[in-house]
Amino acid sequence: LNVNNINAGLLNAGDMFRTVDYNARYEYPAGSGNNLLSVAALWMGGTDDMGDLHIAAQTYRQSGSDFFSGPIIGDDSDCTDYDRFWNMDGGVVTSFLAAFNAGEITDATQIDATILAWPGQNNPHFVAIHGFELPADEKLAPFWDQNEDGVYNPLDGDYPVIDPEVAGVYADQMIWWMFNDAANEHTETGGLPIGMEVGVLAYAWSSDDYRNNATFYRYTFNYKGEQHLSDFYIGQWVDGDLGNFADDFIGCDTLRSMAYVYNADPLDGDNGTACSGGVNTYQDQVPILGVDYFRGPLDELGNELGMSSFTYSN
């Protein structure tokens, strides 16, 4: 995710902000070689009616993974089909909308391939492009459904958006992927599976305001398990490293539902040099990192749940 002043490495399971060889990649400013994060990951779990814990969580993949690419579509599913990302350029969406609204699009050959390939629900163009079919009638990557027929078809004026309930709102860059916790054993935690599908939309804007130094991640959860789970929690585990990892402090602002990471002193690193391990440091230009849980799920009464707890490990 690299459209603005952040260069964020993504992995297509429950963790993010690393490269494929697991080096830190939440680079700020982009191109500087300095990173704000080591890794972040999704944690979730709850107890069944027998009191057994069902949990899926990632940290550093020391022992394996609890998450696997793709949706839950039976024992014959091939996770390798979804071992990828779908990347959308906001400028391409803008050009498509201008052409469609002007009546200039009459067939699929006039539409950018990335828009045709977007994994929206029941996309009729998908299998010809990717060579495999999407699961029928399943809400996948978000899109604006112009004629409300439950089918993503750009020939009808459909296009990728951030929120399928809000027309015309898309980012300069949007990346979507899907994973689940049920396709194999949980070798990271050893926990019982949940049966959860998770779709993720990572997005960012290139702008002259705060959004130029921010990235956003929208999770959509689809529970397909057979157990009734109670006391269910979803959290974001974050290992924030502002350059030198050895001199960072953390805290939380309960009014903002925000966790934050800041430096212990005005100087990051040892006299402006790289700390042990060759990690680049921010020296005397140290940023502050905020992780904002700004839109949560709803409880049984329809009230939005913010950050209910915050903890740290040392």
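Quick note: structure is the one above.
I will try to describe carefully the structure that is included in this document. (Residues numbered from 1 in each chain as written. Predicted model: local features only at pLDDT ≥ 70, side-chain atom pairs only at ≥ 80, totals over all residues. Heavy atoms only, no water.)

Quick notes on the sheet that holds strand β15 (residues 258-263)
Link 1 in the chain: Read across the open sheet, the three strands follow the order β14-β15-β16; overall the sheet is antiparallel. This sheet does not close on itself; its edge strands, each paired only once, are β14 (248-253) and β16 (289-292). When the angles between neighbouring strand axes are averaged without regard to direction, this sheet yields 20 degrees.
Link 2 in the chain: Taken together, the six bridges between β14 and β15 define a ladder with antiparallel strand orientation. (Pairing = 2+ DSSP bridges. Helix = DSSP H or I, 4+ residues; strand = E, 2+ residues; numbered from the N terminus. Axes fitted to C-alpha atoms, helices over the stretch in contact; angles between N-to-C directions.)

With respect to the nonpolar core
Burial of nonpolar side chains together is a common tendency in soluble globular proteins.
Link 1 in the chain: Ranked by internal contacts, the top residues of the largest apolar core, which has 32 residues, are Trp118, Met174, Trp176 and Tyr203.
Link 2 in the chain: Those elements that place two or more of their residues in this core are β7 (86-89), α1 (90-101), α2 (113-116), β10 (173-180) and β11 (196-204).
Link 3 in the chain: The element best represented in this core is α1, accounting for four residues.
Link 4 in the chain: The residues touching Trp118, leaving out its near neighbours within four places in the chain, are Trp86, Met88, Asn123, Phe126, Ala141, Pro142, Tyr152, Pro160, Trp176 and Leu201.
Link 5 in the chain: Listed in part, the 29 residues of the second largest apolar core include Ile6, Phe179, Leu242 and Tyr282. (Core = buried A, V, L, I, M, F, W, Y, C linked by side-chain atoms within 4.5 Å. Buried < 20%, exposed > 50% of the residue type's maximum accessible area, 1.4 Å probe, protein only. Contact = heavy atoms within 4.5 Å.)

Observations concerning the pattern of salt bridges
Link 1 in the chain: Counted by the stated rule, this structure contains seven salt bridges.
Link 2 in the chain: The salt bridge involving Arg61 is made with Asp15; its shortest N-O contact spans 2.8 Å. Taken together, the residues Arg61 in the loop between β5 (53-57) and β6 (68-69) and Asp15 in strand β2 (residues 15-16) connect sequence positions 46 residues apart.
Link 3 in the chain: Judged by relative accessible area, which is 24%, Arg61 ranks as partly exposed.
Link 4 in the chain: Residue Asp15 is classed as buried on the basis of its relative accessible area of 1%. (Salt bridge = Lys/Arg side-chain N within 4 Å of Asp/Glu carboxyl O.)

A few points about the pairing of β15
Link 1 in the chain: Along β15, the buried face is formed by Ala259, Val261 and Asn263; none of Met258, Tyr260 and Tyr262, which line the opposite face, is buried.
Link 2 in the chain: Following β14, the chain reverses through four residues before pairing antiparallel with β15; Ser257 in that reversal takes a positive phi of roughly 55 degrees.
Link 3 in the chain: Bridging between β15 and β16 involves four bridges; their strand directions are antiparallel. Bridging across to β16, Tyr260 finds its partner in Gly290.

Some words on the packing of aromatic side chains
Link 1 in the chain: Under the counting rule described, the total for this entry stands at 21 aromatic pairs.
Link 2 in the chain: Between Tyr82 and Phe132, the ring centres sit 5.1 Å apart and the planes meet at 70 degrees, which makes this aromatic pair edge-to-face. Note that Tyr82 is positioned in the loop between β6 and β7 and Phe132 in the loop between α3 (126-130) and β8 (143-144), a separation of 50 residues in sequence.
Link 3 in the chain: One aromatic cluster in this structure is built from Tyr82, Trp86, Phe126, Phe132 and Trp176.
Link 4 in the chain: Over the ring of Trp86 we find Arg84, and its NZ or CZ is 4.3 Å from the ring centre.
Link 5 in the chain: Over the aromatic face of Trp205 sits the side chain of Arg211, whose NZ or CZ is 5.0 Å from the ring centroid. (Phe/Tyr/Trp six-rings, centres within 6.5 Å; stacked < 30°, edge-to-face > 60°. Lys NZ or Arg CZ within 6 Å of the ring centre and 35° of its normal.)

Thoughts on the environment of Ser207
Link 1 in the chain: One can find Ser207 in the loop between β11 and β12 (216-223).
Link 2 in the chain: Taking the C-alpha atoms as reference points, Ser207 and Ile105, separated by 102 residues in sequence, lie 30 Å from one another.
Link 3 in the chain: A polar contact of 2.5 Å, which involves the side chain of Ser207, links it to the side chain of Asp209. (Polar contact = N/O pair within 3.5 Å; in protein donor to acceptor, adjacent residues only side chain to side chain.)

Examining the side chain of Asp66
Link 1 in the chain: Relative to the assigned elements, Asp66 resides in the loop between β5 and β6.
Link 2 in the chain: No salt bridge is formed by the buried Asp66. Its closest oppositely charged neighbour is Arg61, at 9.6 Å.
Link 3 in the chain: Looking at Asp66, its side chain comes within polar contact range of the main-chain nitrogen of Glu188, at 3.0 Å.
Link 4 in the chain: At a separation of 2.6 Å, a polar atom in the side chain of Asp66 contacts the side chain of Thr189.
Link 5 in the chain: Discounting residues that sit within four places of it in the chain, Asp66 has contacts with Ile55, Ala56, Ala57, Gln58, Asn180, Asp181, His186, Thr187, Glu188 and Thr189. (Lys, Arg positive; Asp, Glu negative; His and termini not counted.)

A few points about unusual backbone geometry
A negative phi angle is the norm for most residues apart from glycine, just as the trans form is the norm for most peptide bonds.
Link 1 in the chain: Across the junction of Tyr28 and Pro29, the peptide omega takes the value -10 degrees, indicating a cis bond.
Link 2 in the chain: One can find Pro29 in the loop between β3 (26-27) and β4 (37-47).
Link 3 in the chain: If you check the backbone angles, Phe17 has positive phi at about 70 degrees while not being a glycine.
Link 4 in the chain: You can call Phe17 buried: its relative accessible area is 5%.
Link 5 in the chain: A positive phi angle, close to 55 degrees, is found at Glu148, a residue other than glycine.
Link 6 in the chain: As for its placement among the helices and strands, Glu148 is situated in the loop between β8 and β9 (159-160).
Link 7 in the chain: On the accessibility criterion, Glu148 (68% relative accessible area) is exposed.

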